[in-house]
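Summary of structural features
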Amino acid sequence: MTHARIDTVDYRDLPTDIQDTFDELMEQADEAGTNDHFLTLMARAAATIGMTLPPSGDIRRCACSCVCGLVFDAEHPDAHVIEWTGGYNLGRVQCPTCADHHRETA
């Protein structure tokens, strides 16, 4: 039996306890940098929200100023980097749909 890939998840649709766990894992990934622990944390964050980790191993919640809550592959070719790091390891990335509709800058 094969499982369907879930490439995106809307953070706003998640129960509060799942949002809290996801946020905590993403904060830990932010502090971990780019090492094996980072990939483990990204995999745990994706699994927590029921998302299939993309081949890049790098997910983000849309960082634009609208109300979008999309969690997506941060390496998607149509994603838009708003800010590379901002003092953290994870940059702020806008999802492809928001980048197409209202591209933002830092």
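Details of the structure are given in the entry above.
For the structure given in this document, a descriptive report is provided here. (Residues numbered from 1 in each chain as written. Predicted model: local features only at pLDDT ≥ 70, side-chain atom pairs only at ≥ 80, totals over all residues. Heavy atoms only, no water.)

1. Notes on a negative patch on the surface
A surface patch of negative charge is lined by Asp17, Asp20, Glu24, Glu27 and Glu31. Structurally, Asp17 is set in helix H1 (residues 16-32). (Patch = residues over 30% accessible without salt bridge, like charges linked within 9 Å, V, L, I, M, F, W, Y side chains within 5 Å. Areas by Shrake-Rupley, 256 points an atom, 1.4 Å probe, with all protein chains shown as cover. Salt bridge = Lys/Arg side-chain N within 4 Å of Asp/Glu carboxyl O. Lys, Arg positive; Asp, Glu negative; His and termini not counted. Charge placed at Lys NZ, Arg CZ, Asp CG, Glu CD. Helix = DSSP H or I, 4+ residues; strand = E, 2+ residues; numbered from the N terminus.)

2. Description of the nonpolar core
Ranked by size, the top nonpolar core spans 18 residues in total, and within it Phe22, Met26, Met42, Ile49, Met51, Ile59 and Val71 carry the most contacts. Counting only elements with at least two residues in this core, the list comes to H1 and helix H2 (36-48). Apart from the residues within four sequence positions on either side, Ile59 is in contact with Phe22, Met26, Met42, Ala45, Ala46, Met51, Leu53, Pro54, Val71, Phe72 and Ala74. One finds Cys64, Cys68, Ala79 and Cys98 within the second-largest nonpolar core, a separate group that totals 9 residues. (Core = buried A, V, L, I, M, F, W, Y, C linked by side-chain atoms within 4.5 Å. Buried < 20%, exposed > 50% of the residue type's maximum accessible area, 1.4 Å probe, protein only. Contact = heavy atoms within 4.5 Å.)

3. Points about the packing of aromatic side chains
By the definition in use, this model includes 1 aromatic pair. Lying across the ring of Tyr11, Arg61 places its NZ or CZ 3.8 Å from the centre. (Phe/Tyr/Trp six-rings, centres within 6.5 Å; stacked < 30°, edge-to-face > 60°. Lys NZ or Arg CZ within 6 Å of the ring centre and 35° of its normal.)

4. Some thoughts on the environment of Arg61
Along the chain, Arg61 falls in strand E2 (residues 59-61). Residue Arg61 is classed as partly exposed on the basis of its relative accessible area of 36%. With 14 residues separating them along the chain, Arg61 and Ala47 place their C-alpha atoms 14 Å apart. Among all residues touching Arg61, those that are not within four sequence positions of it are Tyr11, Gly69, Leu70, Val71, Phe72 and Val93.

Shape is all these values report; function is a separate question.
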